Amino acid sequence: MEYLTIGKMAKLNHISEQTLRLYDKMGLLSPCEIGEQNGYRYYNIKQSARLDMIQYMKSLGMGLKDIKKQIDSKEMLLIASILRQKSAQIDDQIRELKYQKRAIERTIESFEQYENAPADGTVLVEYIGKRRMYCIDSKINFYDYGIEVYEKILRDLKENLVAHCLPQIYFCNAGSILRQHNLEQRRFISTEVFVFVDKEFVAENLITVIPASTYLCIYCDRFEKEKEYALRLLDAIDERGYTICGDYICEAISDLPVPSDNERGMFLRLQIPIKFR
């Protein structure tokens, strides 16, 4: 029988000598002969079959420890069980990668919106398509407080996302809702906060659909200015003869990447659905 040096065996099977040494150390594939005088490792060509099996199992995503367990046991049912577990792991990884990809897309969209948004204080009419949101009622009217209480409310929103096993990609650009009956009376009472979500990743029963509509919008670069700017919108609606036909939405177009004074930096789009008389 012709013996192969470790170098020839590695070259023949397109792997490294270091890999063969590792397989020997783990008991996966040991040399058939070790020189008594020089300590050289020698293999024979028939051992390539075992090496092929190891490489094949690796290509299926199996770890070396699982491969050794399978080879040692010679149980075909064991490899099926291991592969089912691996398949489930891959499904989880694919799902996480989809979440990550969507998070990147949403962040790019957010920055593009911010980059192309009108200047602070600009009022304009916009058509906005159907949107989906995940919303909670904090039971706290945040208009009675400052940014600190709003941040605490956002912690509740985050906890609810976690409780419903929703992707954390959605915990950005949060907004708030002021219901129409309070808006029309110019009562700033709002306890509801939301994030926009995608139907692909969130159960239908957790989604509130905002229908497509025409909105009168104003852009705002600070949290503290929201109420003042919302009143400007209401004044503009009265002056132009529009009719309010839905709830007021305060949408954070972007959480600015560099917070100011350790506070959340937000660029807001305040919006009221309208009808033309």
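Worth saying up front: this structure is predicted, and the values here are computed from it rather than measured.

A. The pattern of salt bridges, seen in detail. Summed over all chains, the structure comprises 21 salt bridges. Between R102 and E109 there is a salt bridge, with the nearest N and O atoms lying 3.3 Å from each other. Judged by its relative accessible area of 16%, R102 is buried. Exposure remark for E109: the relative accessible area of 40% places this residue in the partly exposed category.

B. The arrangement of helix α6 (residues 147-163) in detail. If you check α6, its first and last C-alpha atoms are 24 Å apart, about what 17 residues at 1.5 Å a residue would give, namely 24 Å. Elements in contact with the buried residues of α6: β5 (131-137), β6 (175-178), β7 (192-196) and β12 (266-276). C165 lies just past α6 and shows a positive phi near 55°.

C. Just the packing of helix α2 (residues 17-26) against helix α4 (residues 64-73), in detail. Taken N-terminus to C-terminus, the directions of α2 and α4 make an angle of 55°; their axes are 11 Å apart at the nearest point. With respect to α4, the axis of α2 lies oblique. As for how α2 packs across α4, the hand of that crossing is right-handed. In this structure, α2 contributes L22, Y23 and M26 to the contact, and α4 contributes L64, K65 and K68. Looking at the contact of α2 with α4, its residues break down into 4 nonpolar, no polar and 2 charged.

D. The nonpolar core, seen in detail. If you look at the biggest cluster of nonpolar residues, it comprises 47 residues, and the most contacted ones within it are Y134, Y150, L157, V195, Y248, L270 and I272. The dominant element in this core, judged by the number of residues it contributes, is α6, at 7 residues. Ignoring sequence-local partners within four residues, the contact set of Y248 consists of Y143, S176, I177, L178, L183, E226, A230, L270, Q271 and I272. Formed by 18 residues, the second largest nonpolar core is a distinct cluster that contains I6, M9, I15 and L29.

Here is what the cut-offs are and how they apply
- Counting of residues starts from 1 at the beginning of each chain's written sequence and follows it residue by residue.
- Since the coordinates come from a predicted model, pLDDT governs what is reported: local features require at least 70, and pairs of side-chain atoms require 80 or more to be given and counted, while whole-chain, interface and lining totals use all residues.
- The side-chain values count all of the structure's non-hydrogen atoms but skip hydrogen atoms and water molecules.
- Take a side-chain nitrogen of Lys or Arg and a carboxyl oxygen of Asp or Glu: if they are within 4 Å of each other, that pair is a salt bridge.
- Only protein chains enter the accessibility calculation, which uses a 1.4 Å probe; a residue whose area is less than 20% of its type maximum is buried, one above 50% is exposed, and one in between is partly exposed.
- Where helices and strands are cited, they refer to DSSP runs of H or I of at least four residues and of E of at least two residues respectively, numbered from the N terminus.
- Given a helix with a known number of residues, its expected span is that number minus one, times 1.5 Å.
- Whether two residues touch is decided by their heavy atoms; if any such pair falls within 4.5 Å, the residues are in contact.
- Note on definitions: angles span 0 to 180 degrees between N-to-C directions of axes, and those axes are lines fitted to C-alpha atoms, for helices only across the stretch in contact.
- Here roughly perpendicular refers to angles of 65 to 115 degrees, roughly parallel to angles under 35, roughly antiparallel to angles over 145, and oblique to all remaining angles.
- In this scheme, a crossing is called left-handed if the near helix is turned counterclockwise away from the far one by less than a right angle; it is called right-handed if the turn is clockwise.
- Under the grouping applied here, Gly and all other residues not named as nonpolar or charged are polar, the nonpolar ones being Ala, Val, Leu, Ile, Met, Phe, Trp, Tyr, Cys and Pro and the charged ones Asp, Glu, Lys and Arg.
- Residues enter a nonpolar core if they are buried and are Ala, Val, Leu, Ile, Met, Phe, Trp, Tyr or Cys, with the set joined through side-chain atoms within 4.5 Å.

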